[in-house]
Amino acid sequence: MTREADLSSSREGLLKHGAATLSCDSLDNYRSSSELDLDELELLEGQTSPRPRGEWSPSKRKKDNGKENEHKRAQKAKRKRGWLRSKTCWVVSAILLGGLLVLMGGFKMFVYKKPQPMDGLSPPWYPSPKGGTYLQWQKSYLMAATLVSKMSLVEKVNVTTGTGWASDLCVGNTAGAFDAGFPPLCLQDGPLGIRFADHATAWPAGITVGATWNKDLMYKRGRGLGLEHRLKGVNVMLGPAMGPLGRMPGGGRNWEGFGSDPVLQGIAAAQTIRGIQDEGVIATAKHYIANEQEHFRQAGEWELPHAISSNIDDRTLHELYLWPFADSIRVGVGSVMCSYNMVNSSSACSNSKLLNGVLKDELGFQGFVQSDWLAQRSGVASALAGLDMTMPGDGLIWADGQSLWGPRLTEAVLNGSVPIERINDMALRTVAVWYQLGQDNQTLFPIPLEGNPRPNFSSWTNDKMGHLHESTDDDTMVVVNNFTDVQGDGKNFHGRLAQEIAAEGTVLVKNGDNILPLSPSGGPEHTRDRRRAKYNVGVFGEDAGPNPKGPNACADRSCNDFTLASGWGSGAVEFPFLTPPIEALESTFDLDQVQITQVLTNDLPDDWSAVHGTQDLCIVFITSDAGEGFASWNHITDRIDLYPQKGGDDLVKKVAASCANTIVIVHAVGAVILERWIDLPNVKAVVLANLPGEESGNALADVLFGRVDASGRLPYTVGKSLSDYGPGGKIMAKPNGVAPQQDFNEGLLIDYRHFDANSITPRYEFGFGLSYTTFTFSDLKLKTLKPKTPLPSPRPNATVLPPTFSTLIPDPETAVFPAGFRKLKNYIYPYLDNSTIKHEPYPYPPGYNTAQPLSPAGGGEGGNPSLYDEHVSVSVNVTNTGKRTGKQVVQVYVSFPSDVADVSTGRKIDFPVRALRGFEKAEINATETTTVEVNLTRKDLSYWSVGRQNWVMPDGEFTVAVGASSRDLPLQGSW
Ligand code: BGC
């Protein structure tokens, strides 16, 4: 690949291009936030811009309307912006013509005066470590080496490059290497089910799973996800999500992951991955890394030429954001998806420090790194930095057939810019994962054959017949949807498990007068007015009811209409059905004894009881929704505030004003501010039901009627205001530069750690949740399993060497389109048009030729194996002191010794007041006692020393606190 070719596809190339083609448009693009006028900022904030994904949304062919409307809104906004732009343009031109002085004076014209964002704040780490260095992968790598050695260069490129958005049936597809015997791969979202598929389960969202704190359920859901993906013919599932971690409670995609703590997130991710991969499907840990908000996440999508840069220090990276990825690699995750954003001013998908250094060397990742969709921003540079697969194959523009790899990668290998060893490693890693997961077993993963396409569904149509290559000029129609039902049946119907998870992920935070659980014959006996024939229950709020247009009425679920059971975006799926709360309430209450009045709107008159009658019990439903940045609803992607939406606060206040027994149910993507009514005496109970998935109503009824204990615990803090979360907790909704810079200044202090450090009393703390019974903790025992020593064992030497291949550069003739080849428009091929290869020196990045020392924290999957040695066993007795069986989550928090000086710099190291380090959920019968044990590893008891570049267990006394939440820790011990 020539220098020019590569530059034009890199960030630098974009800048150059912008500068070279000075036009009103480019001027517009390069203004920084201080130069944008208010109107435009509002538009930016409202995010009504047409998104490339929207243009290509399968909803056009599948389910329509929501997207259509958004498209219309977008067009209107675009016209408005166009007008603003042209107005701005003329003003700019006039000023330009008016004279250079004004420009120099910088009056609203800082375009070229303002420095462009700095590059290179992330250190270089080359060359890319090779896969195949651990015993547990050795067999797969050997088999993969045999297969890859049969591949031609173009076949290797085919394995690394997607065929283009909508070019094949899945959201991501590779074309395979047929001659060598490697099939095309189907990559499909996502974290809570199979996106764009029929007859598949819509599982509870990650945040609900986090709220269960139940490791077994986390695994089982993973298993269900894996099985369904496999039966639909998916090779690579694009989940679980563990970034965003939840730095900002309003982060639009927090709900896809498991909660705002690295340990909770890491355990849930690892359990999910184990489940998925035990079914043979390759899991994807995403989004790597620090993709904490949707605003400006992606170049272009937010009308800025650059993505946001998450600026993060080394210690925070290790102790917070990297933690769940390390746990995922430790359980052998097959793929990691690099994110859209920049990290320390270097695009996450071409950040050599993060991909080569941290992921592949330090964490010993043996699988392949795939880009998020169009997150790849450079050609050669990203290959050198450690990216192994580009998805969906398109380069800087959706579906134009112009990849940054594909033929360009072929050329880059042929002209020596990308070392042949790198392309070999890229292909090898992918094939090795395929063997490692057993996908060579053709009974489980049938090879796609002519006339029998795999997968057995199409992302682009609901009809039986459809195009195999939707975005191309191939009009042939074939059977693309087999409508294979993968939801299980009878006892194995996956909805049962989905219901169990949703119920356990429902958090009861207030239960005055023990109003819950309800009795099917009415409210609790003591609230019942026996003079009346029937007990009157009023059900209020749109969220209790079904969408008359069906649960999938809005494309990608990008609206908050009627009952809310999922956020929106690529993490959402088509509901096969969605049980609304009202249906479950109606079927659970004994209608001979209970009169239900439904008022399924948020628009309630003040004197509603005059209209609808006095109620003995009122159940009010409210919501708060958010989702992925390519779509928006009501100007929301990230939540800029955390209040209930659609007038939820007013609804609760109105109902509670005339109903002495009010129960509030909140369906939400995360924390919601409850302050406007939480202390009202009539608000007796509050249930945070998160995002329950398809069995919403049934799961809720299980909890409301006490068929199961209320055993969910908060996976995030519910503050009293957004400011309670600190300055770092706010979404950056207006760009602070042409490449927005977001400094993670709060370091480790996110969510409850911030509240604890600043003595802020939350409304409900992280880990909190009520049960229908009561528990006590006693008899805490800390046992030393291994003594304290500052450093882990030395990094173990590699026992296995990566396979080797010939390093001869192949004859370019072998890479040219075969004679008579029928090219489809926009389909991405690896072939070149001719064999002329230009040889120009490639400008390797500074530091490219300096081999990096291996990380002392590496040497095993997830890092140095000694980091996972267990040093302390924590055991505690938990007694159920109530009258019924219930479940308690035993939470273990660690406070580090005070006055720790760093081993290398001598500087004082600060720690969070306490940090969650482990948990176990136990089911205990009334009056019984169970002993629960949680072991703490070296890593749990260490901090990341930046100077030492290693985990260090400090000297001094650790406090281990055990209890029912981050602020209810009755037992403490020292170690
Ligand atoms: C999302 C990813 C998703 C991909 C494919 C991107 O917009 O960020 O999470 O896997 O699209 O749909």
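Our subject is the structure listed above.
Positions within a chain are numbered from 1, following the residues in the order the chain's sequence is written. Where totals are concerned, whole chains, interfaces and linings use all residues; where local detail is concerned, this predicted model gives features only for residues with pLDDT of at least 70, and gives and counts side-chain atom pairs only at 80 or more. Here the side-chain values reflect all heavy atoms present in the structure, with hydrogen atoms and water set aside.

### What to know about the site of the ligand
What makes a residue near a molecule or strand is one non-hydrogen atom of that residue sitting within 4 Å of it. Inspection of the region around the ligand gives 14 residues, with Asp189, Arg253, His287, Asp372 and Glu628 positioned closest. For the purposes of these results, a polar contact is taken to be a pair of N or O atoms within 3.5 Å, where, inside protein, one atom must be able to donate a hydrogen and its partner to accept one; residues adjacent in sequence count only when each atom of the pair is a side-chain atom. Separating an oxygen atom of the ligand from a side-chain N or O atom of His287 is a distance of 2.6 Å. Starting from 310 Å² of accessible surface for the ligand in isolation, the protein chains cover 100%. Under this grouping Gly is polar, as are all residues other than the nonpolar Ala, Val, Leu, Ile, Met, Phe, Trp, Tyr, Cys and Pro and the charged Asp, Glu, Lys and Arg. Grouping the constituent residues of the shell around the ligand by class yields four nonpolar, two polar and eight charged. All accessible-area figures derive from a Shrake-Rupley calculation using a 1.4 Å probe, and residue coverage is judged against the displayed protein chains alone.

### Describing the nonpolar core
The definition of a nonpolar core used throughout is a set of buried Ala, Val, Leu, Ile, Met, Phe, Trp, Tyr and Cys residues joined through side-chain atoms within 4.5 Å. For every residue, the accessible area obtained with a 1.4 Å probe (protein chains only) is divided by the maximum for its type, and the residue is called buried under 20%, exposed over 50%, and partly exposed between those limits. In terms of nonpolar packing, the biggest core is built from 132 residues, with Met151, Phe182, Tyr288, Ile289, Leu359, Trp373 and Leu916 touching the most fellow members. Counting from the N terminus, the helices are the DSSP runs of H or I reaching at least four residues and the strands are the DSSP runs of E reaching at least two. With ten residues, the single largest contributor to this core is helix H18 (residues 420-436). Once you skip the residues sitting within four places of it in the chain, Met151 turns out to touch Lys156, Val159, Ala177, Ala180, Phe182 and Val431. By size, the runner-up hydrophobic cluster in this structure holds 45 residues, among which are Ala205, Val672, Leu688 and Tyr764. Whether two residues touch is decided by their heavy atoms; if any such pair falls within 4.5 Å, the residues are in contact.

### Some points on the packing of aromatic side chains
Two rings from Phe, Tyr or Trp (for Trp, the six-membered ring) form a pair when their centres sit within 6.5 Å of each other. Planes less than 30 degrees apart are called stacked, planes more than 60 degrees apart edge-to-face, and all others tilted. Scanning the entire structure with this criterion turns up 33 aromatic pairs. Both rings, one in Trp165 and one in Trp398, keep their centres 5.2 Å apart while their planes meet at 75°; by these two values the pair is edge-to-face. Of this pair, Trp165 sits in the loop between helix H9 (153-160) and strand S1 (172-173) while Trp398 sits in the loop between helix H16 (380-385) and helix H17 (407-414), and the two are 233 residues apart along the sequence. Taken as a pair, Trp165 and Trp398 share a single burial class, namely buried. Here the aromatic rings of Tyr764 and Phe768 are separated by 5.4 Å at their centres, their planes lie at 5°, and the arrangement is stacked. Looking at Tyr764, the relative accessible area reads 9%, which means it is buried. Put simply, the rings of Trp213, Tyr752, Phe766, Tyr893 and Phe919 pair up and form one aromatic cluster. In this structure, Arg676 is placed above the aromatic ring of Tyr643, and the distance from its NZ or CZ to the ring centre is 3.7 Å. Charge-over-ring placement is defined geometrically: NZ (Lys) or CZ (Arg) within 6 Å of the ring centre, and within 35 degrees of the ring normal.

### Topic: the state of the cysteines
Criterion for a disulfide: a pair of cysteine sulfur atoms within 2.5 Å. Inspection of every chain in the model, using the stated rule, returns four disulfides. With a sulfur-sulfur separation of 1.8 Å, Cys554 is cross-linked through a disulfide to Cys559. For the disulfide bridge between Cys554 and Cys559, the dihedral angle about the S-S bond is near 70°, and by the sign convention the bridge is right-handed. Like Cys554, the residue Cys559 is buried in the burial classification. Shown here is the disulfide that connects Cys618 with Cys659, its sulfur atoms set 2.2 Å apart. Here the disulfide of Cys618 and Cys659 is right-handed, its torsion about the S-S bond being about 105°. With a gap of 41 residues between them, Cys618 in strand S15 (residues 617-624) and Cys659 in the loop between helix H22 (648-657) and strand S16 (662-668) connect regions that are remote in the sequence. Assessed through its relative accessible area of 0%, Cys618 is described here as buried.

### Quick word on the sheet that holds strand S25 (residues 929-937)
If you trace the three strands from one edge of the open sheet to the other, you get S19-S20-S25, paired in antiparallel fashion. Here the strands that pair on one side only, and so sit at the sheet edges, are strand S19 (775-784) and S25. Averaged over all adjacent pairs, the angle separating strand axes in this sheet is 20°, with direction ignored. A pair of strands is labelled paired if DSSP reports no fewer than 2 bridges between them. As judged from the eight bridges shared by S19 and strand S20 (residues 870-880), these two strands associate in the antiparallel manner. Directly across from Ser778, in S20, lies its bridge partner Asn877. Fitting a line to C-alpha atoms yields each axis, with helices limited to the stretch in contact; the angle taken between N-to-C directions then spans 0 to 180 degrees.

### Side note on helix H19 (residues 494-504)
Among the eleven residues of H19, nine are classified as buried, and the element is accordingly described as predominantly covered. Restricting attention to buried positions, one finds in H19 the residues His494, Gly495, Leu497, Ala498, Gln499, Ile501, Ala502, Ala503 and Glu504. Taken together, the buried residues of H19 touch helix H10 (206-212), helix H11 (215-232), helix H23 (696-704), strand S21 (886-895) and strand S24 (915-924).

### A look at H11
Helices are assigned an expected span. That span is 1.5 Å times one less than the residue count. For H11, with 18 residues, the first-to-last C-alpha span of 26 Å sits near the 26 Å given by 1.5 Å per residue. Of the residues making up H11, those classed as buried are Leu217, Met218, Tyr219, Arg221, Gly222, Gly224, Leu225, Gly226, Glu228, His229, Arg230 and Lys232. Buried residues along H11 sit in contact with strand S2 (186-188), H10, strand S3 (236-237), helix H12 (262-278), H19 and S24.

### Looking at the sheet that holds strand S29 (residues 971-974)
Pairing in this open sheet of four strands is antiparallel, and the strands run S24-S21-S28-S29 from one edge to the other. The sheet is open, and its two borders are formed by S24 and S29, each paired with just one other strand. Across the sheet, the mean angle from the axis of one strand to that of its neighbour is 20°, orientation sign disregarded. One ladder, built from nine bridges, connects S21 with S24; its direction is antiparallel. In the sheet register, Val890 faces S24, and the bridge partner there is Glu920.

Scope: geometric values only; no functional claims are made or implied.
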